[in-house]
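Structural overview
Given next are the chains, with one letter for each unit.
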Amino acid sequence: MLSSSDFASASWELVIQVDHPNEEEQKDVTLRVSGDLHIGGVMLKLVEQINIAQDWSDFALWWEQKHCWLLKTHWTLDKCGVQADAKLLFTPQHKMLRLRLPNVKTVRLRVSFSAVVFRAVSDICRALNIRRAEEVSLLKPSGEYFKKKKRKEKNNKEPIIEDILSLECSPTNSGPPVSPGLYSRTMTPTYDPINGTPASSTMTWFSDSPLTEQNCSILAFSQPPQAPEALADMYQPRSLVDKAKLNAGWLDSSRSLMEQGIQEDEQLLLRFKYYTFFDLNPKYDAVRINQLYEQARWAILLEEIDCTEEEMLIFAALQYHISKLSLSTEIQDFTNESEVDEVEAALSNLEVTLEGGKADNTLEDITDIPKLADNLRLFRPKKLILKAFKQYWFVFKDTSIAYFKNKELEQGEPVEKLNLRGCEVVPDVNVAGRKFGIKLLIPVADGMNEVYLRCDHESQYAQWMAACILASKGKTMADSSYQPEVLNILSFLRMKNRNSASQVASGLENMDMNPECFVSPRCAKKHKSKQLAARILEAHQNVAQMPLVEAKLQFIQAWQSLPEFGLTYYLVRFKGSKKDDILGVSYNRLIRIDAATGIPITTWRFTNMKQWNVNWEIRQVAIEFDQNVSIAFTCLSADCKVVHEYIGGYIFLSTRSKDQNETLDEELFHKLTGGQE
């Protein structure tokens, strides 16, 4: 028999702070426990001692010193390592969080602070009607991000009250991160595919979404343009190093918000982190398309991505058109147009698949690889030589370009053969000046070879440019994406083709436009307001007939066609190097960039990657590629886990296919991004 003194020595006092929602101050509760008591038993004892009748099911124990949740309720205190000196907090797992969306709207909703960020973001996206949550993540901005805004607001005569959309009732704790049948291809359309308005009869196809039709409109429709003064205050000219610092704040997807020091009611940015937008569908993605459009719009306006003045005017014309349609109360209703029933469409797709339609396409892709052959002009930059283009006969086959002195010599040896796999393809176009150029940066052992090609007209340029883009990804012109790529390039060129003959809009229309709202402050300073308005309206002629959602998609496509699109920058030091470089991470490659000049030095494709890992002791990322190429670098502008997760995340996203019924392998994501061997 144990005496009372023996029992006392086997048990000890544990002090637990209780974060009671109805009281301002946390209260300490002392329990007598023993090491073999499991976590669930501790919580049961605690609730009995508090003796307040309420739902405690969302509460869990947080261990302050170890910075972790004690969620395995069957584990004993001994197994967890909890002793008498442990500081434990009994607190709700779901807390309020403020999220600044890409459209600069802030939503306030209840989010899990105990689930890993990957799962928490899935729940947030379900609440906001945003499909493909794996492309989205949370960014903790630098301290000045919100402070700067507040300082500006103090200068205003009237205090600005931030407009917060409250979704407090949001049940983001329900269900698995992504329900298997949530995005069935046969589901009823949620939005009008033409103008993006919610289809009220099926408004809550996310059955647990707290969005009302009105709230959904706030997220699915673009906001009125910012005043030029506000835009000028937000604008900061940024070098590549400055851009690298902006990307330091991405949260770790494999850890919870609480583990990363996020406080209740803190403000974070919800952003599209990975630039691979899978299966954008106007029928279901009005919120996703609008938020993507807004993220692209702000990237252009604040010059987070570079574009030419000609391109800036296209973006301005599309913004003007979208803002006009969004403000109009008389948005045309095209819903009466004949539509193929969703179930019928799905059945016919199934029929085609069963009949082997898919196999036919595959055979077509591999048996008949087309080629391009035409006269183009070529230039290789060399020091102290003027830019002189020389004409050759070019033949594009598979993923290579060969060029000959003339057509008759095509069967012989080429002057040179260029393998475009893994190269950088940059447009060099001025439609008004009838200049249609392609700049190729071809990787070689000691860096990049620079080659310029010049085409004669739009059609030739679109074909060769599309072929170069596909070849850089290791694809041929037989790929099914070749024709859509050609059409995308042509449609963008047509938008750039300013129709000077057409009468620009009347003076009244000039009056209702504030052109400085639609271009970057630097661009606005170069032109007088009337001149800028006239040029935007001139460009607007080419897009004036576009429906709202199509215009947003066109804006997103134009953004995707910019040379710098999808590059996320980090300041790194490569092993063996004496100076810092910029590492650009994209959806299919890594680029080493000279930090001083911004010129690409080397490109490495993910397709050639054999393995990558992190040496956590020295915080170094090491990557091995084919042909015995290996690189290693330490990250200076962010934690190495952030860069490692970016690389693994892109490789994870490349495994998606429409046949998966859109379920995600969360375990694979953590395996690819966790950095563990």
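Because the structure is a prediction, the values reported are computed rather than measured.

1. Some thoughts on the overall build of the chain
- Along the backbone of the chain there are 20 helices and 24 strands.
- Considering only contacts in the chain between residues 6 or more positions apart, those separated by 24 or more positions represent 65%.

2. Thoughts on the sheet that holds strand 7 (residues 106–112)
- With mixed pairing, five strands are arranged side by side in an open sheet as 8-10-6-7-9. Bordering the open sheet on either side are strand 8 (136–139) and strand 9 (164–167), each of which pairs with just one other strand. Within the sheet, the average angular offset between the axes of one strand and its neighbour, ignoring direction, is 40°.
- Alignment of strand 6 (residues 94–100) against strand 7, held across seven bridges, turns out to be antiparallel. Bridged to H94 within strand 7 is S112.
- Docked against the sheet, helix 4 (residues 117–127) engages strand 6, strand 7, strand 8 and strand 10 (267–272), running at close to 110° with respect to strand 8.

3. A look at the packing of helix 10 (residues 309–327) against helix 17 (residues 529–540)
- Direction vectors running N to C along helix 10 and helix 17 enclose 75°, while the axes themselves pass 8 Å from each other. Judged on the interaxial angle alone, helix 17 and helix 10 are roughly perpendicular. Residue-level inspection shows E309, L313, A316, A317, Y320 and H321 of helix 10 in contact with helix 17, the latter providing L532, R535, I536, L537, A539 and H540.
- Across the contact of helix 10 with helix 17, the residue classes tally to eight nonpolar, two polar and two charged.

4. Concerning the nonpolar core
- Residues L138, L257, W559, V585, I623, F633 and I647 are the most contacted members of the largest nonpolar core, which totals 113 residues.
- Setting aside residues up to four positions removed in sequence, V585 forms contacts with G566, L567, T568, Y570, L590, F606, V643, Y646, I647 and Y650.

5. Topic: unusual backbone geometry
- Even without glycine at this site, H67 takes up a positive phi of about 55°.
- For H67, the position within the fold is in the loop between strand 3 (59–63) and strand 4 (68–70).
- For H67, a relative accessible area of 39% corresponds to the partly exposed category.
- Even without a glycine there, the phi angle at Q627 is positive, about 60°.

6. Remarks on the confidence of the model for the chain
- Predicted confidence across the chain gives a mean pLDDT of 80, with 77% of residues reaching 70 or more.
- Counting contacts from residues 329–343, a segment whose pLDDT is below 50, to residues more than four positions away or on other chains yields 18 contacts.
- When the criterion is pLDDT under 50, residues 500–511 qualifies, and its contacts beyond four places in sequence or with other chains add up to 16 contacts.

7. Considering the sheet that holds strand 4
- One open sheet holds the five strands; their spatial order is 2-1-5-3-4, and the pairing between them is mixed. On the outer flanks of this sheet lie strand 2 (27–34) and strand 4, each paired with one strand and no other. Neighbour-to-neighbour, the strand axes of the sheet open up by a mean angle of 35°, direction not taken into account.
- Two strands pair when backbone bridges link them, and strand 1 (residues 11–18) and strand 2 are joined in this way by eight bridges, in the antiparallel orientation. Directly across from L14, in strand 2, lies its bridge partner L31.
- Lying on the sheet, helix 2 (residues 39–50) is in contact with strand 1, strand 2, strand 3, strand 4 and strand 5 (88–92); it crosses strand 2 at an angle near 130°.

8. Topic: empty space enclosed by the protein
- Tallied over the full model, the rule gives six cavities of 30 Å³ or more.
- Volume-wise, the largest cavity comes out at about 80 Å³.
- Along its surface, the largest cavity is lined by V117, F118, V121, S122, A133, E134, V136, S137, S253, K273, Y274 and F669.
- For the lining of the largest cavity, the elements supplying multiple residues, two or more each, are helix 4 and strand 8.
- Of all the elements, helix 4 adds the most residues to the lining of the largest cavity, at four residues.
- Of the residues that constitute the lining of the largest cavity, the class distribution is seven nonpolar, three polar and two charged.

9. Regarding the packing of aromatic side chains
- Considering all chains together, one arrives at 32 aromatic pairs under this definition.
- Plain terms: the ring middles of W62 and W69 are 5.4 Å apart, the flat faces sit at 65° to each other, and that makes the pair edge-to-face.
- On the basis of relative accessibility, which here comes to 4%, the residue W62 falls in the buried class.
- Its relative accessible area of 9% is what places W69 among the buried residues.
- Taken together, the ring pairs connect W250, Y274, Y570, Y646 and Y650 into an aromatic cluster.
- The ring of F574 carries the charged tip of R592 above its face, separated from the ring centre by 4.2 Å.

10. Looking at the pattern of salt bridges
- For the structure on display, the rule yields 32 salt bridges.
- Notably, a salt bridge pairs D580 with R573, separated by 2.7 Å at the nearest N-O pair.
- A relative accessible area of 27% places D580 in the partly exposed class.
- Taking relative accessible area as the criterion, R573 reaches 31% and is therefore assigned partly exposed.
- What you see here is one network of salt bridges that share partners, running through R131, R132, E134, E135, D279, D285, R288 and R656.

11. A closer look at the pairing of strand 13 (residues 400–404)
- Extensive coverage of strand 13 is indicated by the burial of five of its five residues.
- Both strand 12 (residues 390–397) and strand 13 contribute to a ladder of five bridges, which runs antiparallel. Bridge pairing links W393 to F404 in strand 13.
- What sits between strand 12 and strand 13 in their antiparallel hairpin is a turn of two residues, with D398 showing a positive phi close to 55°.
- Sheet topology places strand 13 next to strand 14 (residues 416–419); four bridges connect them, and they run antiparallel. Counted as the bridge partner of Y403 is E416 from strand 14.

12. Observations concerning the state of the cysteines
- Counting across every chain of the model gives zero disulfides.
- No disulfide involves C423; its sulfur sits 6.7 Å from that of C468, the nearest cysteine.

13. Focus on the environment of L280
- Relative to the helices and strands, L280 is located in the loop between strand 10 and helix 9 (286–301).
- On the basis of relative accessibility, which here comes to 26%, the residue L280 falls in the partly exposed class.
- If near-sequence neighbours (up to four positions away) are discounted, L280 is found in contact with D285, R288, I289, L292 and L553.

14. Quick notes on helix 18 (residues 548–560)
- With 13 residues, helix 18 extends 19 Å between its outermost C-alpha atoms, agreeing within 8% with the 18 Å of an ideal straight helix rising 1.5 Å per residue.
- Considered for burial, the residues of helix 18 that qualify are L548, V549, A551, K552, Q554, F555, I556, A558 and W559.

15. Regarding the packing of helix 10 against helix 14 (residues 482–496)
- Following both chains from N to C, one finds helix 10 and helix 14 inclined at 90°, their axes separated by 9 Å at the closest point. Between helix 10 and helix 14, the crossing angle belongs to the class labelled roughly perpendicular. Contacts between helix 10 and helix 14 pair E310, E311, I314 and L318 from the former with F492, M495 and K496 from the latter.
- Of the residues belonging to the contact of helix 10 with helix 14, the class tally is four nonpolar, no polar and three charged.

Rules of the game
- Residues numbered from 1 in each chain as written.
- Predicted model: local features only at pLDDT ≥ 70, side-chain atom pairs only at ≥ 80, totals over all residues.
- Heavy atoms only, no water.
- Helix = DSSP H or I, 4+ residues; strand = E, 2+ residues; numbered from the N terminus.
- Contact = heavy atoms within 4.5 Å.
- Pairing = 2+ DSSP bridges.
- Axes fitted to C-alpha atoms, helices over the stretch in contact; angles between N-to-C directions.
- Parallel < 35°, antiparallel > 145°, perpendicular 65-115°, else oblique.
- Nonpolar A, V, L, I, M, F, W, Y, C, P; charged D, E, K, R; others polar.
- Core = buried A, V, L, I, M, F, W, Y, C linked by side-chain atoms within 4.5 Å.
- Buried < 20%, exposed > 50% of the residue type's maximum accessible area, 1.4 Å probe, protein only.
- pLDDT = per-residue confidence, 0-100.
- 1 Å grid on protein atoms, 1.4 Å probe; cavity = no way out; pocket = protein on both sides within 12 Å on 5 of 7 lines; lining within 4 Å.
- Points joined across faces, edges and corners; volume = space filled by probe spheres on them.
- Phe/Tyr/Trp six-rings, centres within 6.5 Å; stacked < 30°, edge-to-face > 60°.
- Lys NZ or Arg CZ within 6 Å of the ring centre and 35° of its normal.
- Salt bridge = Lys/Arg side-chain N within 4 Å of Asp/Glu carboxyl O.
- Disulfide = S-S within 2.5 Å.
- Expected span 1.5 Å × (residues − 1).

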